[in-house]
Amino acid sequence: QFKVSSIAVEGLSRTNEDVVRRELEFQEGDVLEAHKVQESRVKLSRLGIFSSVNIQILEDPERQDQKRVRVRLEEAGQIVLEWGPGYRSDLGVRAFGQGSYTNLWGKNHAASLNASANRRLYSFKDAVSPSSRSRDPNAPDLPFEFQVRANYLWPWFAWKEGSLTLTGGFERWQYLNFNADSL
């Protein structure tokens, strides 16, 4: 059995080293076990902030019963933008977009903003016969329906496996009998 004499983390420019070290299943002085090295590699990859994760076990020239560990990382891009047009038979013409920023402050926090809007191709007023009393014929149709949602993720919020997710949003939808704004 070999013990870990040192851990060197390389390749970080935006990420704090403590983010990497908290995901490792071993520390200096621990017995080096293959399954803990593999689990550490998986946990670092799962964070989604590294495009490459490599953990090397090296000889320690000063101590024959110990090994040095080198964690080499390549950081991935932090900004993701997606958008596009679309069509749904019930909602009509749509547009949607999403933007996210990962690894805020180098602490693996993330923020995102999602938005979608649509314009129905038919009017609810036209879909209800004039003799029907289920819809007020003077009620305005919404020109657009939309939804906007913001999210913030704070990993390791209160304990090792815990995280805090804050979500807020605003939406406006048109229904047969009423229009609704939700916050």
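Since this is a predicted model, take the numbers as computed values, not measurements. (Residues numbered from 1 in each chain as written. Predicted model: local features only at pLDDT ≥ 70, side-chain atom pairs only at ≥ 80, totals over all residues. Heavy atoms only, no water.)

A. Spatial organisation of helix H2 (residues 34-46). Compared with the 18 Å implied by 1.5 Å per residue over 13 residues, the 18 Å span of H2 between its first and last C-alpha is a close match. Within H2, burial applies to Val 37, Ser 40, Lys 43 and Leu 44. When H2 is viewed along its axis, its buried side chains cluster within an angular range of 125° and face the same direction. Residues of H2 that are exposed and angled more than 90 degrees away from the buried face: Ala 34, His 35 and Arg 46. Those residues of H2 that are buried are in contact with helix H1 (17-23), strand E2 (50-59) and strand E3 (66-75). (Helix = DSSP H or I, 4+ residues; strand = E, 2+ residues; numbered from the N terminus. Expected span 1.5 Å × (residues − 1). Buried < 20%, exposed > 50% of the residue type's maximum accessible area, 1.4 Å probe, protein only. Arc of directions from axis to C-beta. Contact = heavy atoms within 4.5 Å.)

B. Local environment of a nonpolar patch on the surface. Taken together, the side chains of Ile 79, Leu 81, Trp 83 and Tyr 101 make up a nonpolar region of the molecular surface, amounting to roughly 510 Å² of accessible area. When residues of the nonpolar patch are assigned to their parent elements, the largest contribution, three residues, is made by strand E4 (residues 79-88). Along the chain, Tyr 101 falls in strand E5 (residues 92-104). (Patch = residues over 30% accessible without salt bridge, like charges linked within 9 Å, V, L, I, M, F, W, Y side chains within 5 Å. Areas by Shrake-Rupley, 256 points an atom, 1.4 Å probe, with all protein chains shown as cover. Salt bridge = Lys/Arg side-chain N within 4 Å of Asp/Glu carboxyl O.)

C. Focus on the confidence of the model for the chain. Confidence in the prediction of the chain, expressed as mean pLDDT, is 88, and 89% of residues score 70 or more. The low-confidence segment residues 128-133 (pLDDT under 50) makes three contacts with residues lying over four places distant or belonging to another chain. (pLDDT = per-residue confidence, 0-100.)

D. Seen up close, the sheet that holds strand E1 (residues 3-10). Pairing within the open sheet is mixed, and its three strands lie in the order E1-E3-E2. In this open sheet, the two edge strands, each paired with only one partner strand, are E1 and E2. Between one strand axis and the next, the sheet turns through 20° on average, direction left out of account. For E1 and E3, the ladder comprises seven bridges, and the chain directions are parallel. When the bridges of E3 are listed, Ser 6 appears paired with Arg 68. The sheet contacts of H2 involve E2 and E3, and relative to E2 the element is tilted by about 160°. (Pairing = 2+ DSSP bridges. Axes fitted to C-alpha atoms, helices over the stretch in contact; angles between N-to-C directions.)

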